[in-house]
Amino acid sequence: MKLFRLDRLAWIFMRVSGFILIGLIFTHLTVNLMQDGGVKAIDFAFVAGKLADPFWQWFDVTLLWLALIHGSNGMRVVIDDYVYRPGVKRGLFVALGVSTAMLIVLGTLVIFTLDPCPVGSPAELLPSFCSAS
Amino acid sequence: MFRGTLYRGHEGMWSWVLHRITGIAIYFFLLVHVLDTATVRIDPHLYNVVMASYKTPIMGLGEAVLVAAIVFHAFNGLRIILVDMTAWASRHHRALFYGVLVLWTVVMVAFLPRHLMHVFGG
């Protein structure tokens, strides 16, 4: 048995990432849906305030990468199970890989390049620390 | 009485079906969620408008279903890891599936009133 076959690595990854994702997502849901006003409290000021903190930047980027790779690997298994025509299967695998890579790049850029205090935006839309002199 | 099937229609099959359905549903939400969050990088007002669509009653119920799917997938995933790793868990995988349902119920009882209050309360 080859120790590092791709399927074996994927199998291990699903279990390790799944375990870590439980902690990350339960925290994500508690902070965003349970704390304070829940979903009603989510706006630019809330998100920009969070992402101004390196802790939440690294938390969210870890969540983004693990969730997208865990989810797309799950979809790879689903496609493999239900799509029989080789051409269609291959096309879906490519679409899945390309969309996953694009969302990982997009999300990572958003997390690390977000300006919490963009010039020209009304102060009431921004985190409170933007107007502190 | 043994009805001639060990898998079909039993706990093992239903946990597999539910794990697959919740996983697919969560995946498609994840695609949308990365895109809606990306609007935060474009413009504060635009992001607030996009987020307003998550605060409607219908989407509030959708979020309840999403959380229910995530919590099941999480606990059932733990059950899968345990069954893979230990002989004890693979012997008791049925009992563990009911344990998953109990834990799921406990978490949803803690989550739902608060979330529905946020969505429907003033």
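Analysis parameters
Per chain, residue numbering runs from 1 following the sequence as it is written. Chains carry letters from A onward and ligands carry numbers from 1 onward, assigned in written order. Local features are withheld for residues below a pLDDT of 70 in this predicted model, meaning they are given only at 70 or higher, and side-chain atom pairs are given and counted only at 80 or more; totals for whole chains, interfaces and linings count all residues. The side-chain numbers reported here are obtained from all heavy atoms of the structure, hydrogens and water having been left aside. Only DSSP runs of H or I covering at least 4 residues are called helices, and only runs of E covering at least 2 are called strands; the numbering of each starts at the N terminus. The buried label applies to any residue whose accessible area, calculated with a 1.4 Å probe on protein chains only, is under 20% of its type's maximum; exposed applies above 50%, and partly exposed to all values in between. When checking whether two residues touch, look at their non-hydrogen atoms; a contact exists if any pair is within 4.5 Å. For the accessible areas, the method is Shrake-Rupley and the probe is 1.4 Å, while residue cover comes only from the protein chains on display. To count toward a patch, a residue needs a relative accessible area over 30% and no salt bridge; like charges are then connected within 9 Å, while nonpolar side chains (Val, Leu, Ile, Met, Phe, Trp, Tyr) are connected within 5 Å. A pair is scored as a salt bridge if a Lys or Arg side-chain nitrogen falls within 4 Å of a carboxyl oxygen belonging to Asp or Glu. Working definition: the arc comes from the directions between the helix axis and the C-beta atoms, pointing outward to the latter. Between N or O atoms, a polar contact is any pair within 3.5 Å; within protein, one atom must be a potential hydrogen donor and the other a potential acceptor, and residues adjacent in sequence are included only when both atoms are from side chains. Think of a nonpolar core as a cluster: buried Ala, Val, Leu, Ile, Met, Phe, Trp, Tyr and Cys residues, connected wherever their side-chain atoms sit within 4.5 Å. In this description, buried area is defined as the sum, over both parts, of the accessible area (probe of 1.4 Å) that is lost when the two are combined. Put simply, the grid is 1 Å and covers the protein atoms alone, a cavity is a trapped set of points that fit a 1.4 Å probe, a pocket is an open set with protein on both sides within 12 Å along at least five of seven lines, and lining residues have an atom within 4 Å of a point. Grid points are joined across faces, edges and corners, and a volume is the space filled by probe spheres set on the points. A pair of Phe, Tyr and Trp rings is counted when the ring centres sit within 6.5 Å of each other, with Trp represented by its six-membered ring. The angle between the planes then sorts it: under 30 degrees is stacked, over 60 is edge-to-face, the rest tilted. A ring is scored as having a charge over it whenever the NZ atom of a lysine or the CZ atom of an arginine sits within 6 Å of its centre and within 35 degrees of its normal.

1. Here's the deal with the overall build of chain A
Logical step 1: Across its full length, chain A holds 4 helices and 0 strands.
Logical step 2: Going from the N terminus to the C terminus, chain A shows its helices and strands as α-α-α-α.
Logical step 3: C-alpha extents for chain A along the principal axes are approximately 65 × 30 × 25 Å.
Logical step 4: Of all 133 residues assigned to chain A, the portion counted as buried reaches 41%.
Logical step 5: Partitioning the intrachain contacts of chain A with sequence separation of at least 6 by distance along the chain shows that 68% fall at a separation of at least 24.
Logical step 6: Carbon and sulfur atoms provide 70% of the accessible area of chain A, an area that totals close to 7,800 Å².

2. Describing a nonpolar patch on the surface
Logical step 1: A surface patch of nonpolar side chains, amounting to about 490 Å² of accessible area, comprises Trp11(A), Ile12(A), Val16(A), Phe19(A) and Ile20(A).
Logical step 2: As for its position among the elements, Trp11(A) is in helix α1 (residues 6-34).

3. Brief notes about helix α2 (residues 44-52) of chain B
For an α-helix, the turn length of 3.6 residues means that residues three or four places apart are oriented alike.
Logical step 1: Where α2(B) is concerned, the buried positions are Pro44(B), Tyr47(B), Asn48(B) and Met51(B). Buried residues of α2(B) fall within an arc of 100° about the axis and therefore sit on the same side.
Logical step 2: As for α2(B), its buried residues are in contact with α2 (44-51) of chain A together with α1 (11-38) of chain B.
Logical step 3: Between a side-chain oxygen at the N-terminus of α2(B) and the backbone nitrogen of His45(B) the separation is 3.2 Å; the capping residue is Asp43(B).

4. Side note on unusual backbone geometry
Residue and element names in this part refer to chain A.
Logical step 1: Its identity as a non-glycine residue notwithstanding, aspartate 36 has a phi of 50°, on the positive side.
Logical step 2: Locating aspartate 36 in the fold gives a position in the loop between α1 and α2.
Logical step 3: For aspartate 36, a relative accessible area of 64% puts it in the exposed group.

5. Considerations on the nonpolar core
Logical step 1: Core analysis: the biggest nonpolar cluster contains 53 residues, and Phe44(A), Leu68(A), Val40(B), Tyr47(B) and Val67(B) have the highest contact counts within it.
Logical step 2: Of all the elements in the fold, those that place two or more residues in this core are α1, α2, α3 (54-82) and α4 (86-113) of chain A together with α1, α2, α3 (57-85) and α5 (93-120) of chain B.
Logical step 3: Among the elements that take part in this core, α3(A) stands out by supplying 10 residues, more than any other.
Logical step 4: In contact with Tyr47(B), other than residues within four places in its own chain, are Ile42(A), Asp43(A), Phe44(A), Val47(A), Asp36(B), Thr37(B), Thr39(B) and Val40(B).

6. With respect to the interface of chain B and chain A
Logical step 1: The partner chain A presents 44 residues to the 40 residues of chain B that form the contact.
Logical step 2: With both chains or domains summed, chain B and chain A bury close to 3,400 Å², and 73% of this area falls on carbon and sulfur atoms.
Logical step 3: The largest share of the area that chain B buries against chain A comes from Arg20(B), Tyr27(B) and His118(B), three residues that together contribute 18% of it.
Logical step 4: Applying the counting criterion to the chain B and chain A interface returns 2 salt bridges.
Logical step 5: Residues Arg15(A) and Asp84(B) are paired through a salt bridge, measuring 2.6 Å at the closest nitrogen-oxygen approach.
Logical step 6: At the junction of chain B and chain A, the tally comes to 12 residue pairs in polar contact (both at pLDDT 80 or more).
Logical step 7: With 12 residues, α1(B) is the single largest residue contributor to the side of chain B that touches chain A.

7. Topic: the layout of surface pockets
Logical step 1: Here the second largest pocket is characterised by a volume of approximately 260 Å³.
Logical step 2: When contributions to the lining of the second largest pocket are tallied by element, the ones reaching two or more residues are α1, α3 and α4 of chain A.

8. With respect to the packing of aromatic side chains
Logical step 1: Applying the stated criterion to the full structure yields 9 aromatic pairs over all chains.
Logical step 2: With 6.5 Å between their ring centres and 85° between their planes, Phe29(B) and Tyr54(B) make a pair best called edge-to-face. Separated by 25 residues along the polypeptide, Phe29(B) in helix α1 and Tyr54(B) in the loop between α2 and α3 bring together distant segments of the chain.
Logical step 3: Clustering of aromatic rings is evident, with ring pairs tying together Phe55(A), Trp56(A) and Phe59(A).
Logical step 4: The ring of Trp56(A) carries the charged tip of Lys50(A) above its face, separated from the ring centre by 4.5 Å.

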